[in-house]
Amino acid sequence: MAKVKVYSTPTCPWCIKLKDYLKSKKVDFENIDVSKDKEAAMDMVKKTGQMGVPVALIGEVYIVGFDQAKIDEEIAKIQ
């Protein structure tokens, strides 16, 4: 199971930026398309209180939006 999950939609520019950033850092992640997976979308909203994407789950920490400093901080903890 991936230590990093990205909740995204195909048309979200910040989702693409987040996924490209993780790839550039050579971080494996599971992409969850919440436009197709309603159960995952509801789970994301329940855990974060947010309906917007992207949301990254890194280890046990949810990060809403593309917060590069926070993403780097959490990636360092799981590598």
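These figures come from a predicted structure and were not determined experimentally.

Draft legend 1. Structural context of the state of the cysteines. A full pass over the atoms with the stated rule returns one disulfide. Covalently, Cys 12 is tied to Cys 15 through a disulfide, its sulfur atoms 2.4 Å apart. Given an S-S torsion of about 85 degrees, the disulfide between Cys 12 and Cys 15 has right-handed geometry. Given the relative accessible area of 10%, Cys 12 is considered buried. For Cys 15, a relative accessible area of 0% corresponds to the buried category.

Draft legend 2. Quick look at the pairing of strand E4 (residues 61-64). Bridging between strand E3 (residues 55-58) and E4 involves four bridges; their strand directions are antiparallel. Among the inter-strand pairings, Ala 56 is bridged to a residue of E4, identified as Ile 63. Hairpin remark: E3 followed by E4, antiparallel, with two residues in the connecting loop; positive phi at Gly 59, about 65 degrees.

Procedures and definitions
Residues numbered from 1 in each chain as written. Predicted model: local features only at pLDDT ≥ 70, side-chain atom pairs only at ≥ 80, totals over all residues. Heavy atoms only, no water. Disulfide = S-S within 2.5 Å. Buried < 20%, exposed > 50% of the residue type's maximum accessible area, 1.4 Å probe, protein only. Pairing = 2+ DSSP bridges. Helix = DSSP H or I, 4+ residues; strand = E, 2+ residues; numbered from the N terminus.

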